[in-house]
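Structure at a glance
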Amino acid sequence: MKTIVLGGGLMGSATAFFLAQRGLPVCLIDRGAIGAGATVASFGNIRRTGRYLPQLPLAHRARALWGRAESLLGRDVEFRATGHLRLIFDQPSFDDMTTFAQAARPWGLSLEVVEPAQLRKQFPGLGPDAIGASFSPQDGSANPRLVAPAFADAAARTGAQIVDQAGHVQVHAQNGSFTVRTARGDFNADVVVNCAGAWGREIAAQFGEDVPLRMAGPQMGVTEPLPHRIVPVVGMWSQDRGAYLRQVERGNVVFGGAVAQVPVACGSFAKIDPSLTATQLAQVVRLCPALADVAVIRQWSGCEGYVSDGLPVMGPSTTTPGLFHAFGFCGHGFQLGPAVGDVMAELVATGQCTTPLAPFAISRFASCP
Ligand SMILES: Cc1cc2nc3c(=O)[nH]c(=O)nc-3n(C[C@H](O)[C@H](O)[C@H](O)COP(=O)(O)OP(=O)(O)OC[C@H]3O[C@@H](n4cnc5c(N)ncnc54)[C@H](O)[C@@H]3O)c2cc1C
């Protein structure tokens, strides 16, 4: 049984790797470069705090795989379990945090509640006006530039065929199998996994499955390099959109959040909106006032697929045997990526999955007009 994985972002590269690891023939096809979609643009946050609770089993499976990433991939993708600190500046947000922390415990996520005195002692310089924080010690970050190519290279070493720069890609189903036509030739398979990210909707629609997905780009930035002082990933519990930041080991501070994602027109690239930058930086400085006078050296965005209910689409197609979907990760797919690959490989190989995927089934949109 041969599988074609469409889309070489983190989801597709990881799916190809885990299929190859199971000894199944697999071909990973991307119309462009491996990892150059939403994945490379990601902030790199490996965060379980604040997730939709039924997604936590998948997030835990992912966190376990991140911990093994270097040995699985034979390469350091800069996964660091630095902890995820989420600062709180007002009482309603504090109440949200405690409600989430209680609800998440039976789902296997233990958040530490950090009182103000402890916050000042343990994390000096962060959120001087904060009234508290949550801390998730086993979360952290990884390098979004490294991870998809690392999965694809490891997949290739394990026997997968990698076809990048495939240009215009067309999928055809006939008599229970698939042909994928590309600028680099035709490829045949029994199974297709749609990991086309923000463009996954187009592939699903071709098979009669409409998903309410919009394309938009979160706005990111990075400062000049500074002495390395900030260890955890730092975010914000907020009634509105909170900012977040992390300092990479080379010293630059990467930041995002605090502003709405910029819509991406079909066929276009994700762009930042310079008029949002001042609002974003004001929130970043609340997290870390020492950043008030540093230079921002680059800003960027990336095209992400946001499904109307904020959840991804994962699982088998309801119309086409042999077709599977894993797309539309709504700005929080980086953390999930390794587990998405692992569960999609499990699903293809065995027809079932030990991690619950029902909330993400494409059938939830079957009645959409
Ligand atoms: C700016 C930004 C910051 C983010 N920060 C975080 C974060 O901190 N933490 C977190 O958990 N998540 C974060 N996310 C979300 C996360 O990065 C994404 O959910 C995840 O990378 C999606 O991976 P993917 O493989 O589904 O999509 P992509 O990486 O977009 O890959 C899809 C691939 O499919 C290819 N493709 C498209 N159409 C076709 C076709 N027809 N045939 C073949 N190939 C095709 C594209 O070329 C692309 O390479 C962020 C996203 C963005 C944009």
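Please refer to the structure higher up on the page.
Now for a quick tour of the structure. (Residues numbered from 1 in each chain as written. Predicted model: local features only at pLDDT ≥ 70, side-chain atom pairs only at ≥ 80, totals over all residues. Heavy atoms only, no water.)

**As for the layout of surface pockets**
Taken as a whole, the second largest pocket encloses approximately 230 Å³ of empty space. Surrounding the second largest pocket, 16 residues form its lining, Leu126, Arg229, Ile230, Gln247 and Cys288 being those nearest its centre. In terms of residue class, the lining of the second largest pocket is built from 12 nonpolar, 3 polar and 1 charged. (1 Å grid on protein atoms, 1.4 Å probe; cavity = no way out; pocket = protein on both sides within 12 Å on 5 of 7 lines; lining within 4 Å. Points joined across faces, edges and corners; volume = space filled by probe spheres on them. Nonpolar A, V, L, I, M, F, W, Y, C, P; charged D, E, K, R; others polar.)

**Description of the environment of Gly341**
Within the secondary structure, Gly341 is located in helix H10 (residues 333-350). Between the alpha carbons of Gly341 and Leu291 there is a distance of 37 Å; along the sequence they are 50 residues apart. Setting aside its immediate chain neighbours within four residues, Gly341 contacts Met11, Ala14, Thr15 and Phe18. (Helix = DSSP H or I, 4+ residues; strand = E, 2+ residues; numbered from the N terminus. Contact = heavy atoms within 4.5 Å.)

**Thoughts on the pairing of strand S13 (residues 213-217)**
A large share of S13 lies buried, amounting to 4 of its 5 residues. Where S13 meets strand S18 (residues 262-263), 2 bridges bridge the pair, whose relative direction is antiparallel. Following the sheet pairing, Ala216 is matched in S18 by Pro263. (Buried < 20%, exposed > 50% of the residue type's maximum accessible area, 1.4 Å probe, protein only. Pairing = 2+ DSSP bridges.)

**Concerning the packing of aromatic side chains**
Counted by the stated rule, this structure contains 9 aromatic pairs. Ring geometry for Phe18 versus Phe151: centroids 6.1 Å apart, planes at 50 degrees, classification tilted. Of this pair, Phe18 sits in helix H1 (residues 10-21) while Phe151 sits in helix H7 (residues 144-157), placing them 133 residues apart in sequence. Judged by relative accessible area, which is 3%, Phe18 ranks as buried. Ring geometry for Trp66 and Phe334: centres 5.3 Å apart, planes at 35 degrees, overall tilted. Within this pair, whereas Trp66 is found in helix H3 (residues 56-67), its partner Phe334 is found in helix H10, the two being separated by 268 residues in sequence. On the basis of relative accessibility, which here comes to 9%, the residue Phe334 falls in the buried class. Each member of the aromatic cluster is reached from another via a ring pair, and the members are Phe17, Phe18 and Phe151. Positioned above the aromatic ring of Trp199 is the side chain of Arg31, whose terminal nitrogen or guanidinium carbon lies 4.7 Å from the ring centre. (Phe/Tyr/Trp six-rings, centres within 6.5 Å; stacked < 30°, edge-to-face > 60°. Lys NZ or Arg CZ within 6 Å of the ring centre and 35° of its normal.)

**Digging into the packing of H3 against H10**
Packed helices, taken two at a time, are described by their axes: the angle between them and the distance between them. Where H3 contacts H10, the two axes come as close as 7 Å, and the packing angle between them is 100 degrees. When the axes of H3 and H10 are compared, the pair comes out roughly perpendicular. Listed contacts from H10 to Leu58, Ala59, Arg61, Ala62, Arg63, Leu65 and Trp66 of H3 are Phe334, Gln335, Leu336, Pro338, Ala339, Val340, Asp342, Val343 and Glu346. Taken together, the residues that form the contact of H3 with H10 break down as 11 nonpolar, 1 polar and 4 charged. (Axes fitted to C-alpha atoms, helices over the stretch in contact; angles between N-to-C directions. Parallel < 35°, antiparallel > 145°, perpendicular 65-115°, else oblique.)

**Notes on the side chain of Thr179**
Residue position: Thr179 is located in strand S10 (residues 177-182). Not counting residues up to four positions away in its chain, the partners in contact with Thr179 are Gln170, Val171, His172, Gln174, Asp186, Phe187 and Asn188.

**Concerning unusual backbone geometry**
Positive phi, normally seen in glycine, also occurs at Glu78, with a value near 60 degrees. Structurally, Glu78 can be placed in the loop between helix H4 (69-73) and strand S4 (84-88). With phi around 50 degrees, Gln165 is a residue other than glycine that occupies positive phi space. Residue placement: Gln165 occurs in the loop between strand S8 (161-163) and strand S9 (170-174). The class of Gln165 is partly exposed, set by a relative accessible area of 48%.

**Digging into the pattern of salt bridges**
Counted by the stated rule, this structure contains 11 salt bridges. Ionic pairing is found between Arg364 and Asp309, a salt bridge with its closest N-O pair at 2.6 Å. Here the residue Arg364 occupies a position in the segment after H10, and Asp309 occupies one in the loop between strand S20 (304-307) and strand S21 (313-316), the gap between them amounting to 55 residues. Given the relative accessible area of 24%, Arg364 is considered partly exposed. Asp309 gets classed as partly exposed once you look at its relative accessible area, which sits at 37%. Look at the salt bridges and you will find they share partners, linking Arg61, Asp342 and Glu346 into a network. (Salt bridge = Lys/Arg side-chain N within 4 Å of Asp/Glu carboxyl O.)

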